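# A closer look at the structure
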Amino acid sequence: MEIFNCPNCNSLFVMTKFRDVCDACYKEEEAQYDKVYAYIRKKINRTASMMQVVKDTGVEETSLIIKFVKTGKLRIFAVSQSGNSL
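To keep things clear, this report deals only with the structure shown in the data block. Residue indices begin from 1 for each chain and proceed along its sequence in written order. Totals for whole chains, interfaces and linings use every residue, but because this is a predicted model, local features are given only for residues with pLDDT of at least 70 and side-chain atom pairs only at 80 or more, for both listing and counting. Side-chain numbers here rest on the full set of heavy atoms in the structure, without hydrogens or water.

Helix numbers and strand numbers start at the N terminus; a helix is a DSSP run of H or I with at least 4 residues, a strand a run of E with at least 2. In terms of helices and strands, the protein carries three helices and two strands. For the protein, the N- to C-terminal ordering of α and β elements is β-β-α-α-α. Relative accessibility decides the category of a residue: with a 1.4 Å probe and only protein chains considered, values under 20% of the type maximum give buried, values over 50% give exposed, and everything between is partly exposed. Burial status across the protein gives 22% buried among its 86 residues. Contacts are residue-level and defined by heavy atoms, with any inter-residue pair within 4.5 Å sufficient. A separation of at least 24 residues holds for 23% of the contacts in the protein among residues at least 6 apart in sequence. Only carbon and sulfur atoms are counted for the fraction: they give 54% of the accessible area of the protein, which is about 6700 Å². Using a 1.4 Å probe, accessible areas were evaluated by the Shrake-Rupley method; residue-level cover was limited to the displayed protein chains.

Now the structure itself:
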């Protein structure tokens, strides 16, 4: 086990393959995820751009939303101009 400084708040924590931030920041990320997930679950918001999600949810960090996508917590579906999934 190795001890690292949290990249968000600089506190010490033990990094695991499941967490790359301290417990406090992880809980904050989970709260932010819950906001984003609840927003995109609504049918009307499913085609929202990332910037629209940021604006409407108050989740400031687009990098955090990208992290949710990269870790598989959120999925992106391409939508054509006619509104059909690709």
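We now examine the pattern of salt bridges. Any carboxyl oxygen of Asp or Glu that lies within 4 Å of a side-chain nitrogen of Lys or Arg is treated as forming a salt bridge with it. On inspection of all chains with the given rule, the structure shows four salt bridges. A salt bridge links Arg19 to Asp23, with the shortest nitrogen-to-oxygen separation between them at 2.4 Å. You can call Arg19 partly exposed: its relative accessible area is 28%. Exposure remark for Asp23: the relative accessible area of 48% places this residue in the partly exposed category. Each of Asp20, Glu29 and Lys67 takes part in salt bridges that share partners, so that together they form one network.

Within helix α3 (residues 62-70), burial applies to Leu64, Ile65 and Phe68. Viewed along the axis of α3, the buried residues span an arc of 100 degrees, placing them on a single side of the element. Contact partners of the buried residues in α3: α1 (23-41) and α2 (50-57). Gly72, located one to two residues past α3, shows a positive phi value of around 90 degrees. Directions from the helix axis toward the C-beta atoms define the arc.

Most often, soluble globular proteins keep nonpolar side chains buried together rather than apart. In terms of nonpolar packing, the biggest core is built from ten residues, these being Tyr33, Val36, Tyr39, Val53, Val54, Val59, Leu64, Ile65, Phe68 and Leu74. Of all elements in the fold, only α1, α2 and α3 reach the threshold of two or more residues within this core. In this view, Tyr33 contacts Phe68, Lys73 and Leu74; residues no more than four positions away in its chain are not counted. Among buried residues, those of type Ala, Val, Leu, Ile, Met, Phe, Trp, Tyr and Cys that are joined through side-chain atoms within 4.5 Å constitute a nonpolar core.

On the surface, a cluster of nonpolar side chains totalling about 520 Å² of accessible area is made up of Met1, Ile3, Leu12 and Val14. Considering the arrangement of structural elements, one finds Met1 in the segment before β1 (3-5). Two distance rules govern patches: like charges are joined within 9 Å, and nonpolar side chains (Val, Leu, Ile, Met, Phe, Trp, Tyr) within 5 Å, applied only to residues with over 30% relative accessible area and no salt bridge.

With that out of the way, let us pick up unusual backbone geometry. Located in the positive-phi region is Asn10, a residue other than glycine, with phi close to 75 degrees. Positionally, Asn10 belongs in the loop between β1 and β2 (12-14). For Asn10, a relative accessible area of 52% gives the class exposed.

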